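# Results of the structural survey
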Amino acid sequence: MASVSSFRDVIANIYYNELFDALSEYIEDNPDKLESNSYRVQSPDEAALSDFDIITIDITDSPGNSILFDIIVSAEVEIAETVRRNRETDGIEQWFRISCRADLDDGIQNFQIKSVSIYNKYRESKLGRLSEYLVPIIEKEQFDDVATEFLNEFCPEALSTPMPIPVDEVVKRMGLKVKEIQLTKHFTIFGQIVFGDCTIEYYDRNERTYKPLEVSRGTILVDPNVYFMRNVGCMNNTIIHECVHWYKHRKYHELVKTYNSDALLISCRVNETTKYKKQWTPEDWMEWHANGIAPRILMPRSMTIKKISCL
């Protein structure tokens, strides 16, 4: 897998000037709010920004394509004050929180700086956080909750009555479509989800060669051999697996598209990663999410318990 740029790197490359201007304005307007540790300048009455570095970005998911994020920066600030007609100056380091929002739609759109404030490290973290690669931070213990959230939106009836999940109907309600096609010669990829119009390669079994195929955004590609190699249940799991990617991982792909326009799909392979979690890539985390959440959508915990209790 090619190197993946973090959201932090993309923001720094595209919006450095906007961040500098907003931070500079705040510092110049609020010299008295700075946490000065200078011996020479105790109560600054003037301050100016020299430069800053982004330390980290706290990212919060939002409905639709929008995200909220706090950029934590370390700034080099020149401060000054007049004491008994003498002008004293010094340089200090100060951390700030720059709160922003943006939309992810074919790149980063509608970037806005909402506020600038002195950084408070004790501020409570927000729910629904995203990693620096815009992958949701989801623990295994939360998989059932995410499955319930998914069903509430796309199949609420499955949370009131035990029933087989109508996979085709769920796909339709999500605005997606399914196309069956042999994706690889040796069946190493069971499914793919397409995040943007593109041309893929599929394996033509009759002519024993790979051929190009144009596919549209929102297409789930499923290898029909899933039916024969496993069972219909596996096919349903594969489709819902791709639905989870669409539901939770589109923002990652919008980020990647800002510097790699060819990154338009997720391929779900037969063999899972054997790496330690500390070595996982964003795509490893996304596969782990989909592998764990999809079965819980097909068998929601509350309804499964209800069904078993009636036996």
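Quick caveat: nothing in here was measured; it's all calculated off a predicted structure. (Residues numbered from 1 in each chain as written. Predicted model: local features only at pLDDT ≥ 70, side-chain atom pairs only at ≥ 80, totals over all residues. Heavy atoms only, no water.)

## A short note on the overall build of the protein
What the protein contains, in helices and strands, is seven helices and 11 strands. Taken over the C-alpha trace, the protein has a radius of gyration of 25 Å; the compact-globule value for 311 residues is 19 Å, which it surpasses by more than 25%. Long-range contacts, defined as pairs at least 24 residues apart, comprise 65% of the intrachain contacts of the protein with a sequence gap of at least 6. In the structure as shown, the protein presents an accessible area of about 17400 Å², 45% of it carried by carbon and sulfur atoms. (Helix = DSSP H or I, 4+ residues; strand = E, 2+ residues; numbered from the N terminus. Rg over C-alpha atoms; globule rule 2.2 N^0.38 Å. Contact = heavy atoms within 4.5 Å. Areas by Shrake-Rupley, 256 points an atom, 1.4 Å probe, with all protein chains shown as cover.)

## Things to note about the sheet that holds strand 10 (residues 219-222)
Strand order in this open sheet of four strands is 6-10-7-11, and the pairing throughout is mixed. One side of each edge strand has no neighbouring strand; the edge strands of this open sheet are strand 6 (177-180) and strand 11 (265-269). Taken over all neighbouring pairs, the strand axes of this sheet differ in orientation by 15° on average, direction set aside. With five bridges joining them, strand 7 (residues 189-194) and strand 11 adopt antiparallel strand pairing. Bridge assignment links Gly191 to a residue of strand 11, and that residue is Cys268. (Pairing = 2+ DSSP bridges. Axes fitted to C-alpha atoms, helices over the stretch in contact; angles between N-to-C directions.)

## Some thoughts on the sheet that holds strand 3 (residues 86-104)
Ordered in space as 4-3-2-1-5, the five strands form an open sheet in which the pairing is antiparallel. The two strands at the open ends of the sheet, each matched to only one other strand, are strand 4 (108-118) and strand 5 (129-130). On top of the sheet, helix 1 (residues 7-29) reaches strand 1 (46-61), strand 2 (66-83), strand 3 and strand 4; it is set at about 135° to strand 1, its chief contact.

## Observations regarding the nonpolar core
Of all hydrophobic cores here, the largest spans 40 residues; its most connected members are Phe150, Met174 and Cys243. Contributing elements (two or more residues each) for this core: helix 2 (143-154), helix 3 (167-173), strand 10, helix 5 (232-257), strand 11 and helix 6 (282-298). Of all the elements, helix 5 adds the most residues to this core, at nine residues. If near-sequence neighbours (up to four positions away) are discounted, Phe150 is found in contact with Cys155, Val170, Met174, Cys243, Tyr247 and Ile297. Counting 37 residues, the second largest nonpolar core, distinct from the first, contains Phe7, Phe52, Ile59 and Leu255. (Core = buried A, V, L, I, M, F, W, Y, C linked by side-chain atoms within 4.5 Å. Buried < 20%, exposed > 50% of the residue type's maximum accessible area, 1.4 Å probe, protein only.)

## Regarding the packing of helix 2 against helix 6
Two quantities define a packed helix pair, namely the angle between the axes and the distance from one axis to the other. In the contact formed by helix 2 and helix 6, the axes pass within 8 Å of each other and the chain directions differ by 60°. As for the relative orientation of helix 2 and helix 6, their crossing is right-handed in sense. Facing Phe143, Asp144, Val146, Ala147, Phe150 and Leu151 of helix 2, the residues of helix 6 in contact are Trp288, His289, Gly292, Ile293, Arg296 and Ile297. A breakdown of the residues in the contact of helix 2 with helix 6 according to their chemical character gives eight nonpolar, two polar and two charged. (Left-handed = near helix turned anticlockwise from the far one by under 90°. Nonpolar A, V, L, I, M, F, W, Y, C, P; charged D, E, K, R; others polar.)

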